[in-house]
Amino acid sequence: MRRILLTGAAGGIGSMLRENLLREGEVLRLCDIAPMTAHDGDEVVMGDLADADFAMDVCRDVDAIVHMAGQAKEGPWEKLVGPNLIATTNLWEAARVNGVERVVFGSSNHVVGMYPVGLELDPSDITRPDSRYGATKVFAEAVASLYADKYGIKSFLVRIGTFAEKPENIRALSTWISPRDLAAIVRLGLDADYHCETVFGVSRNTRAWCDNSRAFALGYDPQDNAEDYLAQVDPNAGPQGPVASSLQGGGSAAKEFSGDIDLLRRRVRP
Ligand SMILES: NC(=O)c1ccc[n+]([C@@H]2O[C@H](COP(=O)([O-])OP(=O)(O)OC[C@H]3O[C@@H](n4cnc5c(N)ncnc54)[C@H](O)[C@@H]3O)[C@@H](O)[C@H]2O)c1
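Because the structure is a prediction, the values reported are computed rather than measured.

Draft legend 1. Spotlight on the layout of surface pockets. In this model, the largest pocket occupies a volume close to 860 Å³. Lining of the largest pocket is provided by 43 residues; of these, Gly-70, Gln-71, Ala-72, Lys-73 and Tyr-133 occupy positions nearest its centre. Those elements that place two or more of their residues in the lining of the largest pocket are α1 (12–20), β2 (26–32), α3 (77–97), β5 (102–108), α4 (132–151), β7 (162–163) and α9 (251–254). When the residues that make up the lining of the largest pocket are grouped by side-chain class, the tally is 15 nonpolar, 20 polar and eight charged. Its volume calculated, the second largest pocket comes out at about 230 Å³. Lining the second largest pocket are 16 residues, with Ile-170, Arg-171, Pro-239, Ala-244 and Ser-245 sitting closest to its centre. A breakdown of the residues in the lining of the second largest pocket according to their chemical character gives eight nonpolar, seven polar and one charged.

Draft legend 2. Examining the pattern of salt bridges more closely. Counted according to the given criterion, the structure contains 20 salt bridges. Where Arg-3 meets Glu-43, a salt bridge forms, and the shortest distance between an N and an O atom there is 3.0 Å. Here the residue Arg-3 occupies a position in strand β1 (residues 2–7), and Glu-43 occupies one in strand β3 (residues 43–46), the gap between them amounting to 40 residues. Looking at Glu-43, the relative accessible area reads 22%, which means it is partly exposed. Residue Glu-227 pairs with Arg-207 through a salt bridge whose shortest N-O separation is 3.0 Å. Within this pair, whereas Glu-227 is found in the loop between α7 (213–218) and α8 (242–246), its partner Arg-207 is found in the loop between β9 (196–201) and α7, the two being separated by 20 residues in sequence. Overall, Glu-227 belongs to the partly exposed group, its relative accessible area being 21%. Given a relative accessible area of 33%, Arg-207 falls into the partly exposed group.

Reading the values: rules and limits
By convention here, each chain's residues receive numbers from 1 onward along its written sequence. Since the coordinates come from a predicted model, pLDDT governs what is reported: local features require at least 70, and pairs of side-chain atoms require 80 or more to be given and counted, while whole-chain, interface and lining totals use all residues. Computation of side-chain values covers all heavy atoms of the structure but excludes hydrogens and water. Grid spacing is 1 Å over the protein atoms alone, the probe is 1.4 Å, and a cavity is where that probe fits but cannot get out, while a pocket is an open set with protein on both sides within 12 Å along at least five of seven lines and lining residues have an atom within 4 Å of a point. Grid points are joined across faces, edges and corners, and a volume is the space filled by probe spheres set on the points. A helix here means a DSSP run of H or I that spans at least four residues, while a strand means a run of E at least two residues long, and both kinds are numbered starting from the N terminus. In this classification, Asp, Glu, Lys and Arg are treated as charged, Ala, Val, Leu, Ile, Met, Phe, Trp, Tyr, Cys and Pro as nonpolar, and every other residue, Gly included, as polar. For this analysis, a salt bridge means a side-chain nitrogen from Lys or Arg found within 4 Å of a carboxyl oxygen belonging to Asp or Glu. Buried residues are those whose accessible area, probed at 1.4 Å on protein chains only, stays under 20% of the maximum for their type, while exposed residues exceed 50% and partly exposed ones sit between those limits.

Laid out in structure tokens, this is it:
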């Protein structure tokens, strides 16, 4: 029996994954700081991953981890440090001590959100986070890389775009990922052979700003394309203004912005 730990199981993505992830011969251990209801034989463990002892316990007898827990949006440093930095170090350390084989991590498009829109990025482009939140995801990607190289824990870093039933604004025509495509790329992380892999969690969007060929080579076969919803997208929805419309991070890049937008538009790569 293969045991998969799903962190952030009470959240939006976690709730979707707990319904769609499992294969025969596998059992889910659900973890969140928020309460959850158990069903279908799932194990449910409530607690704070920023507590190292809790993280160590919850990783016991686990084969693979899908790590989705965290503060999922921008906030002051003091709100991000516990769930996104301390919890991250606790989780990978607990994975090492408990002999976990692999970790699939919910990273974010906001690790590269200061690149101009339209530029096609690949995983080797250096990170340019658009927020404190994005910077914490860069840190987690670095921790994952360290634990892959030094301790042999496979790391699958999914830079999730905009997870929703359908794209709601112009930016999401590039960044959207449907629930079934996200479930599929996370599943790929549980099954494929890799060392430390960075992939883009977006559907097969005509306007995608990324080269996802590594994910495709590993077997990702997205079923949805945001363009199919074009007629339903309100062009005035979502963040507006020169910064939000020029940078891949959209509203997140624009928030608190006091830099030089002309410079960022011109300097395509640093
Ligand atoms: N939703 C998106 O479009 C999107 C895009 C990019 C990245 N992501 C990332 O994917 C992951 C899941 O996103 P989501 O939209 O489901 O967010 P969410 O806020 O709905 O879920 C996150 C869950 O993590 C739990 N959590 C927070 N701190 C915790 C801690 N210290 N210990 C244990 N559990 C804790 C929360 O209670 C919550 O249930 C997040 O890491 C987020 O940053 C999401």
